[in-house]
Amino acid sequence: MPNVITFRLVGIGLAGLLIVAAAFSHTALFQAPSPGSDLRAVSGAELVIDLVQGQETLLWSSLSGNVTGYTVLGWPWRVDGHDLGGALMIDRPEDGSAGIIDFGEKPMSASFDVSG
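All of these numbers come straight from a predicted model, not from anything done at the bench.

Considerations on the sheet that holds strand E8 (residues 88–91)
Part 1 of the reasoning: Judged by pairing direction, the sheet is antiparallel, and its five strands sit side by side in the order E2-E1-E10-E5-E8 without closing on themselves. The open sheet terminates on both sides in strands that have one partner only, identified here as strand E2 (40–42) and E8. The sheet shows a mean angle of 20 degrees between the axes of neighbouring strands, taken without regard to direction.
Part 2 of the reasoning: Relative to strand E10 (residues 109–115), strand E1 (residues 25–31) runs antiparallel, the two sharing seven bridges. Counterpart to His-26 in the pairing with E10 is Val-114.

This is the structure in structure tokens:
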């Protein structure tokens, strides 16, 4: 009888762990090496998000899961000796499977939060 109880407890623990792991989201990161360069996938991000980049826009589609939000950072500028931050865009798309980001320039980085 103790073996049955132990087996059930291990099974319940494993099922709980799988549910928690499925609930976590992960981030797909793309970065450009220099201003004006195209974004490059970091650590397998191309397996999570399919990204097509134009001069001012990013066309993305999720390959696994639902995109719950994204952040796009522009390159910082320097004007009259003053460092200015780069543009920042944070959005939570209505359609988590695909979208277009109109950023106005080639960004420094784009990260996508994906759940599921």
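So that's the structure; there's more coming.
Focus on the environment of Ala-87
Part 1 of the reasoning: Residue position: Ala-87 is located in the loop between strand E7 (82–84) and E8.
Part 2 of the reasoning: Given the relative accessible area of 40%, Ala-87 is considered partly exposed.
Part 3 of the reasoning: Note: C-alpha distance between Ala-87 and Glu-105 (18 residues apart in sequence) is 9.6 Å.
Part 4 of the reasoning: Each residue touching Ala-87, except ones within four places of it in the same chain, is listed here: Val-72, Leu-73, Gly-74 and Phe-103.

About the cut-offs
- What you see as residue numbers is a count from 1 along each chain, following the sequence as written.
- Confidence filtering applies because this is a predicted model: local features only for residues at pLDDT of at least 70, side-chain atom pairs given and counted only at 80 or more, and all residues used for totals across whole chains, interfaces and linings.
- Side-chain numbers come from the whole structure's heavy atoms, not from hydrogens or water.
- Note on pairing: two strands pair once DSSP finds at least 2 bridges between them.
- By the criteria applied, helices consist of DSSP H or I runs no shorter than four residues and strands consist of E runs no shorter than two, each listed in order from the N terminus.
- For helices, the axis comes from a line fit to the C-alpha atoms of the stretch in contact; other axes are also lines fit to C-alpha atoms, and the angle between any two N-to-C directions lies between 0 and 180 degrees.
- Under the scheme applied here, a residue whose accessible area is under 20% of the maximum for its type counts as buried, over 50% as exposed, and between as partly exposed, the area being computed with a 1.4 Å probe on protein chains only.
- The contact rule is simple, with two residues in contact once any of their heavy atoms fall within 4.5 Å.

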